[in-house]
Structure formats: C-alpha cells, structure tokens
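Breakdown of the fold
Okay, here's what each chain looks like letter by letter:
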Amino acid sequence: MSNKLIDFQNISKTYGMQTVLDDFNLYIRENEFLTLLGPSGCGKTTTLRILGGFETPDAGRVIFDGKDITDLPPNKRQLNTVFQKYALFTHMTIAENIAFGLKIKNKSKQYIHDKIKYALKLVNLDGYENRMPDSLSGGQQQRIAIARAIVNEPKVLLLDEPLGALDLKLRQDMQYELIRLKNELGITFLYVTHDQEEALTMSDTIVVMNQGYIQQIGTPEMIYNEPENAFVADFIGESNIISATMVEDRLVKILGVNFPCVDEGFGQNKPVDVVIRPEDIDLLKPGEGSIDGVVTHLIFKGVHYEMEVMANNYEWLVHSTDMFPVGTQVSIHVDPFDIQIMKKPESEDEEAVNIEE
Amino acid sequence: MIRKFLQKLYLALIFIILYAPIVTLMVLSFNQSKTRAKWGGFTLKWYKELFQNEQIMSAFYTTLIISFVAAAAATLIGTAAAIAIQGMKQRWRTFYMGVTNIPMMNAEIVMGVSLMLLFIAFRMKMGFGTILIAHITFNIPYVILSVAPKLKQTNRHVYEAALDLGASPLEAFFKVVFPDIVPGVMSGFMLAFTMSLDDFVITHFTKGPGIDTLSTKIYTEVRKGIKPEIYALSTIMFVTVLVLLILINYSPEEKEDTKTKKKRAKKPSKVKKILLRRVIPVTICVLFLFGGFYYSRESNVMNSDKVVVYNWGEYLDPEVLTMFEEETGIDVVYEEFETNEILYPKISSGAIAYDVICPSDYMIQRMIKNDLLAEINFDNIPNIKNIGKDYMEQSRQFDPENKYSVPYCWGTVGILYNKTMVKEPVTSWSILWDEKYKDNILMQDSVRDAFGVTLKYLGYSLNSTDLDELTEARDLLIEQKPLVQAYVIDQVRDKMIGNEAAIGVIYSGEAIYTQMENPDLEYVIPEEGSNIWIDSWVIPKNAENKENGEKFINFLCRPDIALKNFEYITYSTPNVEARKLIEDDAVRNSKIAFPDLSQYENLETFQYMGTEADQTYGELWNQVKSH
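Reading the values: the criteria
- Residues numbered from 1 in each chain as written.
- Chains lettered and ligands numbered in written order.
- Predicted model: local features only at pLDDT ≥ 70, side-chain atom pairs only at ≥ 80, totals over all residues.
- Helix = DSSP H or I, 4+ residues; strand = E, 2+ residues; numbered from the N terminus.
- Contact = placed C-beta atoms within 7 Å.
- Buried ≥ 20, exposed ≤ 12 C-beta atoms within 10 Å, placed from the backbone.
- Pairing = 2+ DSSP bridges.
- Axes fitted to C-alpha atoms, helices over the stretch in contact; angles between N-to-C directions.
- Nonpolar A, V, L, I, M, F, W, Y, C, P; charged D, E, K, R; others polar.
- Expected span 1.5 Å × (residues − 1).
- Bend = angle between axes of the 7 residues up to and from the residue.
- Parallel < 35°, antiparallel > 145°, perpendicular 65-115°, else oblique.
- Left-handed = near helix turned anticlockwise from the far one by under 90°.
- pLDDT = per-residue confidence, 0-100.

**Looking at the overall build of chain A**
Counting its secondary structure elements, chain A contains nine helices and 20 strands. Long-range contacts, defined here as pairs at least 24 residues apart, represent 66% of the contacts in chain A between residues at least 6 apart.

Now the structure itself:
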C-alpha cells in the first residue's frame, strides 16, 4: 500500500433536487481493496459511476494516476467495471464476451486466445468458451463478467454490488474467490456494497457512507469495534446504542449506572452515545453484574442465542452461547474495553447520521 | 367429452372462417372459366397470363419496391427515433410516444388527403416519390412502436459495459445494443413492409399518372370485374408468405431445444443463420435486380413529348398504347380511375395536369358547367367522321354544342332474363314488379340506376327532380322490395351466368359477355325507354400537351384501333367504321351491342342535377334500403 492511485477531490453531484454527493473527498491507494459501504441512496454507486466515467460530477475533480480524468469518456479510462446484473452480451459466446475489449484494442488472435484461456482458468470456468451466457448460472455469469473485465489488465477493477443477485452460499464462495483474485492479480479493487458482511470479509479499507457523506474510513476491525458514530455502529452489525453521560475520563453513566470504560478526552459531564455489541454483554446471576434485569425474548440463531433483556427501562440486545429462558432474572456485565464512546452529533451535517433510512 | 368436442368445434369454426376466403380464391385461380359462378375445369393459364401481363407485373414490382424501400427507410428513421425517445426524461417520453401514435389512430383517409394537400402545396410532382414519402411517413410509428419495448427491455448496463471495455459509443451501440433490439427492428420492418404492401387509401391520394401499386391496380379493375390473374397473384403471394413464416418459425424451435440441454455448447442455429445471411439478402438482391431492370427500361423512354391519359381501369387495349407510341413518338403516361366521383376531385383540384380523360356523360356536363374542360380543336381530329351521327346527337344531352367531347364507349341499361325461366316475351319494366318472379329478381345497388328504372317505368324522365314523381318512385321501389333477391352491382353478371336468378337489371356491355357464357340469357331494352350512357374523351383545361391529347383521341377514332379496343373492352363502340370491320356476324349485328337507336325515343343520359337533388335522391334511396 503506497501512493494514491485515485483521488476524488471535492466532488459534488445533484440529481434534480436531490444532492447525492456533497464536497466528497476520498483517495484510494494502489493495490488496495477498498469498499464503499452504505444503505441505498448513500452515494456509493454514484461515486463508482463517476470513477467509471458514466456520470460527470457537477463540481470537483477525479485524479487517476496523477492525471485529471474528470472529463475523459469511459472507453478511454484504464479501469474496468463489473456490473451488478453482470451485463453480459447475451448474443455472444463466453469467448466472444471475454474477447470484446481485446478485439477493440486490436490485439492479435493468439494473444486473445491465450488471454481467454488464462481468464477462464482464473475464474475456474475452463472449457466454457463456446457456451452462451444464458446457459450459465448466476455465479458463473458473474465470474465471466469478472473475467471479461480483467483480461484488459485494468489498473483498477470497479465492482458494483457484484454479488447482490446471488444466493447466500454462492455469495460466500465468491467472496473468497474475489480475495484470491485480488491477491493473484495485484490490482486495486473498488467495491461497492450495502452488505456489511461482504465489506468486513474482503476489504483492506471500508468507507462507510450515508446521504452523500463519509461517516468513517478504516480497516474492518476499526469500523466494527470502534464505530465513530451511531450510524456506523448501527449499520455495521447489531448494537446497543444508548444515550449516556461522560462523567469523567474512563467513567460513563449509562441508564443511571456508572460503568468504567477506557475512553478519555470527552470532558466532564458531557452527553455522549455509547455502543455495546450484543456479544460483548455477559449475563450473570442477579446482583453480580452492573444492572439487574429480566429476559423478555429468546431466539435460537444457530451459532448463538439472541435474547432481549429488560433492565432500567432499556431493552438490551444480548448474544450468548448460553441459554436463559424468558423470565429469568439476570444481571448485565460489560468489560470496560467493550464500551465504545461516541461524540453526540453537533452540526447539521453530522445530524444526518441519526436519520434512520 | 362434450366440452372437449365443443372446444375443437369452436377452433375448427375459427379456422374455417379465417381460411375459407383464401381457399376459395386459390381454387378460383385454377378455374378455367373466367366467371366465379362456373367451374370450367382445372387450368394454369391464369398463372401464365399473369406473368405475361405487363401491367399487373409492373404494378407488382412497384408495390414490392415501394414497400421495401419505404419499410427500410422507416426502419432506419423509426429506430433512431425510438432510441432518442428512450433517452428522454419520462415526461417527454410519454409526450413523444403519444405524438407518434396519433398518425396510427388517425383515419387513413385523413392521412391520405392531408399528404396530398401537402404535396400540392409544395408543388411536388405526384408519382413514385410522393408515394414513397407517404409510405415512409405512415410506417414510422409502427417501427417506433415495435422497437421501443425492446429498447426498454435491454439492460442499460450492457451498453455501459461495452463502453467500459473500450468501445466507442457508436461501436457499443452496433455491437451490443443493436443485436439486442434486432428482433424489434425486424418485426418493425416486417410490419411496415406489410402495411405498405396492402395500403390502398394513402397510395391512392398520393399517386400520380403512370404509376400503380397492386392495390390501386386491382381497384381500377372493379368496374369491369377482377381478373383471374389477380387470384393467381394473390395465391402466389399467400403461399410465399406462408413458406417464409414456416422457415422463420422453424429456427427458434431449435434454439429452445438447445436451451433445455444446458450442458451442450450453444450456438445460433444453422437454419436461422442461413436464413439471415443467405436467403433474405439473395431474395432482396433478386428483387432489386428485377426492379432496377424494370425501371431502367421505363426511364429509357421518358422524353419530353408525352400525353398524360386518365382512363377507366381495363378500358383500353394496352397494345394500342404501344402502337400509338411507335407511330407518333409521343410517350403515353397512363393512369386509371375507378369511378367518376374519384375522377372529379383530381381534376378539379388541378393537382395533376392530365391531357386526356374519359368521364361519363353526367360528369362531363358537370365539368363543362364548372369550366374544367377545354374546347377540342376538331381540325386535329379528322377521324371524328367515323363516329356515328346518332351518338353525336345523344351527346348533345350533356355537351349541347359537341364542342368538348368525343364518344368512346356507350351502352344502355336493360333487362337480362333467362329464357328457360321466363317464358313470356319481355317488353316492359313491369316484369320487375311481377309476383311470379319473387326472389328471382336482381336490382342494381345504385341510387341513380334503381330510380332511373322506376322513373322510366312510371313514364317520367330519369333525371326528374320533381319531388312527387320521386316519392312515387320510392313507394314503388319499396313495394318491389319483397320480390327482389338481392341488390348487387357486379354479381348480376355472375349470378345470371350461374342461373341463380331469372331477371336482372344490367348494362348492355356486360350483357354481351354474359350471353357468350350462357346462351340462355337474353337482353332487352324495355319499351318505356331507358338510360343510355356514353363515356367520352375530353381535354381538361389545365392540360399541358393539348395537341398530343387531340392526336391521341384522333388515333383512338381510327377504325382499326377502335376495333381493337372494342374487342378488348366488349362495350359498344360508337365508331361505325370500326363496327363494319367486326368479323363475327353475330356480334356485328348484335341487337344488344348495336341497337337501332332510332327505334327508341325515350333513351336518356343521366344529367348532373346538382347537390340538392343528389341529396334528395340519397335520402329517398336510404328510405328504400332501410324499409
């Protein structure tokens, strides 16, 4: 991970009355697997389409490899896109699909032939040259779409929710496939998804977006464990997000009870949000933890049980491998380093994050 | 069981209703006899004659070429338009789709007339070009309508994917988007092609002299009866379309087949490929070669010395035209019309400058009255001496000074009866009201003919405008109604030949022909008098080659030429010298073809009576028909 390959500078884009991107800044380093993550309408796809050249920003520049490509048409850009619905050319064979870009660049027959072989091998579909796209399964079609893109040796591969149309099992297989591909090819991936699991599994860097603004940039671990605001916390995994007061450094008052924590620098008696992941809550016998409560719901989820515990007028979401039947009296305990403190939003821009989508 | 049987019966009925007419037509195309009423044995002669009939074949090629070029141009424009509309914002898209649909909803006649007016306003010469423009215009909406849904279906990302892979927008369109919408484009083309192929109304209003499509050509033949050659042509066309349809439908079936066997490699089927890459292009090339050959031959003879003739359909031996061209070096531009009423607006609008036209008596009177005709310089028509004095006298009824017209064909209206069914001598119109012949009487389905007969029977003029006389005639017609088998036009001929009725009101020209087919038939002009009709050559005021027109009329008055035309048309000729040349005694002395006019004092031509009287007649006729 070295220098900046792509740099979005002050990008704004509006459709009619709706502002999709507002003064958007982001850079992507070479060989990075960067994921734009957010709910639909957050501007992630628009960002990708601006980079692909299918949309022109109203303001701002896109710098690619040191050159301004803002006004360059898509066919002149050194990057390739894998579209959400594959967008294979249905009237061409698989081989013709893969050869499409190479033929336009007037590569030799032998070169094209070798490239097709190589690409099909790469996506584990050798021998499919003469099939027609609609005789392939969804996962196979998606891999062909990837093969078609990578034979052109792009510096960046853009993937627009490529796994969105696949079923769960296939989606998981494809995630590993993509990681492998990225390692073998050694190129930059810009990945767009609304699926947090995909983002967490594959990315080097995740950019969480909402309503045209970047909420947080970080590694999957950082995003998951230390969400910077309630939106990120809520969007990535399930969480208990509770209004609280920072009494002093390393001490936060949640629902009227003081909890020791590890965060500092929020000042004294300042309102904050705290995030506690459901799997970080330990259920003890009544009186042994910080707050006593009673189990109100119980669902078996396979890996764990999901429970809701009513304590101090708040419904705590708890994941545990131990089962506590509904009605059981329990006590809640949270380790200090499992309490994530977040600043309350102050400006209007930041307010956006609290609006439920 | 019963339900299944009924289902099958229903289906069978639908098929019978759909295909019975076509089967009838196909059978008739092999009928030796020229009339529909009789089976004269199996023959292929109509097919042979079809390919030798230059007029039909040239109309056929014109039709194919216009349809093909119009469909191709409309496909090009329509597809481009559909793409543009697809790219618009929703609001505009709805608006433009609505606008394109209007010409399709519009009545064809409105479209035809407005196009004609437009062409006249721009002073365009009516002909191949104007028909083509008109056809392209009305074809475009059909193309848009069949391409637009295909475009809507295409995945927008497919186009972007092609751009993304380095294709320029144009490359992306042709390599990726176009193959996806090809079915829509093809069906748009086919739709446009068929719409053009059988269009009559719009073609009729936008065509000029010297050009006919199949539909207009067939329609001009209505007056004299559609020729069996047309049955043959229709059969060939039907079979061709059927074969093409089977071929086209055969290939997708194969495609389905491979689709189900997913494991197998799948390529576009061979049949389809051969069809697309070989058969269709070759057919098109052959078509163009023929067409090109035909047109180059046509255009070779185009020179400035010409005469533009507008005549009834099938109302002149085509050989006569060739002879005239060879003898005089003047080119004939020949166009045909079907009724006087269609002829009139074309002349009065002055859209096309005809040099010689052939209206009927009352229409000539109307044209003289409206100052549409030029006085003929009879110095240029010395052959006028061959026209019998009687006919010049009769012509005075509509051309009082014999200044504007030269008689060409004439005839009477009378009674045709079957001697085996009517034993008594027929002398009066009264037989049409005789209860004995209930359901055996055929009347002409036309206002003037029906009233003319009745007025004559009552002893009045057949041009009467006296309301009392007309009301009396109406009541008599209503009284007659239960006796009448049918009110028909053409079918009098066929039904009488087929012994389907005993008595019919008919024109003498047809009577000659029916008698040849069925010797039991006899024609008589009732003693109360009847209608005599004369079709004469006249020259419109806006003629550009008046002298050539006069040369043409003079040529037609030559005895040998008049004879040729008489033999072709079989309607009575006023040319006495020509009559003398008729070889067959029976025909030359036929009482039907050449009744002694001096015997009948009460023969009248129809007169133009003005719109008011026309309306009165129309209303009274409606009362009869709806009674």
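**Some details on the overall build of chain B**
On a plain count of helices and strands, chain B comes out with 25 helices and 11 strands. A buried classification covers 39% of the 627 residues belonging to chain B. Here the analysis covers contacts within chain B between residues at least 6 apart in sequence; of these, 78% occur between residues at least 24 apart.

**Considering the sheet that holds strand β10 (residues 213-218) of chain A**
Sheet strands pair via backbone hydrogen bonds, and the direction of the pair is either parallel or antiparallel. Residues and elements named next belong to chain A. Overall, mixed pairing links the six strands, which are arranged β6-β7-β8-β3-β9-β10 in an open sheet. Every other strand in the sheet has two partners, leaving β6 (79-82) and β10 as the edge strands with one partner each. Pairs of neighbouring strands in the sheet enclose a mean axial angle of 20°, with direction left out of account. Of the strand pairs in this sheet, β6 and strand β7 (residues 156-160) are connected by four bridges, and their pairing is parallel. Considered in β7, the bridge of T81 is made with L158.

**Concerning the sheet that holds strand β5 (residues 67-68) of chain A**
All names here are of chain A. With antiparallel pairing, four strands are arranged side by side in an open sheet as β2-β1-β4-β5. This sheet does not close on itself; its edge strands, each paired only once, are β2 (18-29) and β5. Relative to β2, strand β1 (residues 4-15) runs antiparallel, the two being bridged by eight bridges. What sits directly across from D7, in β2, is Y27.

**What to know about the interface of chain B and chain A**
Contact residues are listed per partner, giving 20 residues for chain B and 20 residues for chain A. For the side of chain B that touches chain A, the secondary structure elements donating two or more residues are α7 (156-164) and α8 (169-197) of chain B. Ranked by residue count, the leading element in the side of chain B that touches chain A is α7 of chain B, at six residues. Here the side of chain B that touches chain A is composed, by residue class, of eight nonpolar, four polar and eight charged.

**A short note on unusual backbone geometry**
All names here are of chain A. Backbone geometry at N124 places phi at a positive 60°, although glycine is not the residue there. Mapped onto the fold, N124 is located in the loop between α3 (109-122) and α4 (138-150). Note on N124: 12 C-beta atoms within 10 Å, which makes it exposed.

**Considerations on helix α6 (residues 128-153) of chain B**
Given 3.6 residues to a turn, an α-helix orients residues that are three or four positions apart in the same direction. Between its first and last C-alpha atoms α6 of chain B spans 38 Å; for 26 residues at 1.5 Å apiece the expected length is 38 Å, and the two agree. Taking the largest bend as the criterion, α6 of chain B deviates by roughly 30°, centred on N139 of chain B, and proline P141 of chain B comes between one and four positions later.

**Some points on the environment of Y86 of chain A**
All names here are of chain A. Turning to its location among the elements, Y86 is positioned in the loop between β6 and α2 (94-104). Of the residues examined, Y86 has 25 C-beta atoms within 10 Å and is grouped as buried. Along the chain, Y86 and L163 lie 77 residues apart, while their C-alpha atoms are 9.5 Å from each other. Not counting residues within four places of it along the chain, the set of residues in contact with Y86 comprises Q141, Q142 and A145.

**Focus on the pairing of strand β19 (residues 329-334) of chain A**
Residue and element names in this part refer to chain A. Burial of the side chains of β19 is restricted to one face: V330, I332 and V334 are buried, whereas none of Q329, S331 and H333 on the reverse face is. One ladder, built from four bridges, connects strand β15 (residues 281-284) with β19; its direction is antiparallel. By the bridge assignment, I281 is partnered in β19 with V334. Summarising the sheet, strand β16 (residues 291-300) and β19 pair through four bridges and their orientation is antiparallel. Within the sheet, the bridge partner assigned to D292 lies in β19 and is S331.

**Some words on the packing of helix α18 (residues 467-480) of chain B against helix α25 (residues 611-626) of chain B**
A pair of packed helices is captured by two measures, namely the crossing angle of their axes and the spacing between those axes. Residue and element names in this part refer to chain B. Put simply, α18 and α25 touch, their axes get as near as 9 Å, and they point 25° apart. Between α18 and α25, the angle falls in the class roughly parallel. In the crossing of α18 with α25, the sense of the turn from one axis to the other is right-handed. On α25, the residues that touch L470, R474, L477 and I478 of α18 are T616, L620, Q623 and V624. When grouped by side-chain class, the residues that make up the contact of α18 with α25 number five nonpolar, two polar and one charged.

**Here's the deal with the confidence of the model for chain A**
Any region with low pLDDT has predicted coordinates that should not be read closely. Residues and elements named next belong to chain A. Scored by pLDDT, chain A has a mean of 89; 96% of the residues are at 70 or more. Averaged over each element, pLDDT in chain A is lowest for helix α9 (residues 348-351) (48) and highest for strand β3 (residues 33-37) (95). Ignoring residues within four places in sequence, the model shows residues 348-357, a span with pLDDT below 50, making 15 contacts including any to other chains.

**Considering the environment of N370 of chain B**
Considering the arrangement of structural elements, one finds N370 of chain B in the loop between α15 (361-369) and β4 (373-374). On a C-alpha basis, the gap between N370 of chain B and S348 of chain B in space is 8.6 Å, while along the polypeptide they are 22 residues apart.

**Side note on the confidence of the model for chain B**
Residue and element names in this part refer to chain B. The predicted model of chain B averages 85 in pLDDT, with 91% of residues at 70 or higher. Contacts for the low-pLDDT stretch residues 252-266, under 50 throughout, to residues beyond four places or in other chains number 12 contacts. Two numbers describe this predicted complex: its pTM, 0.67, and its ipTM, 0.81.

**A closer look at the packing of helix α4 (residues 90-105) of chain B against α6 of chain B**
All names here are of chain B. Running from N to C, α4 and α6 cross one another at 125°; their axes reach a closest spacing of 9 Å. Judged by the inter-axis angle, α4 sits oblique to α6. In the packing of α4 onto α6, the handedness of the crossing is left-handed. Along its contact with α4, which presents T100, N101, P103 and M104, the element α6 presents F138, P141 and I144. Here the residues of the contact of α4 with α6 are counted per class, giving five nonpolar, two polar and no charged.

**A short note on the environment of V356 of chain B**
Residue and element names in this part refer to chain B. Within the fold, V356 resides in strand β3 (residues 356-357). We classify V356 as buried; it has 25 C-beta atoms within 10 Å. With 22 residues separating them along the chain, V356 and Y334 place their C-alpha atoms 9.9 Å apart.

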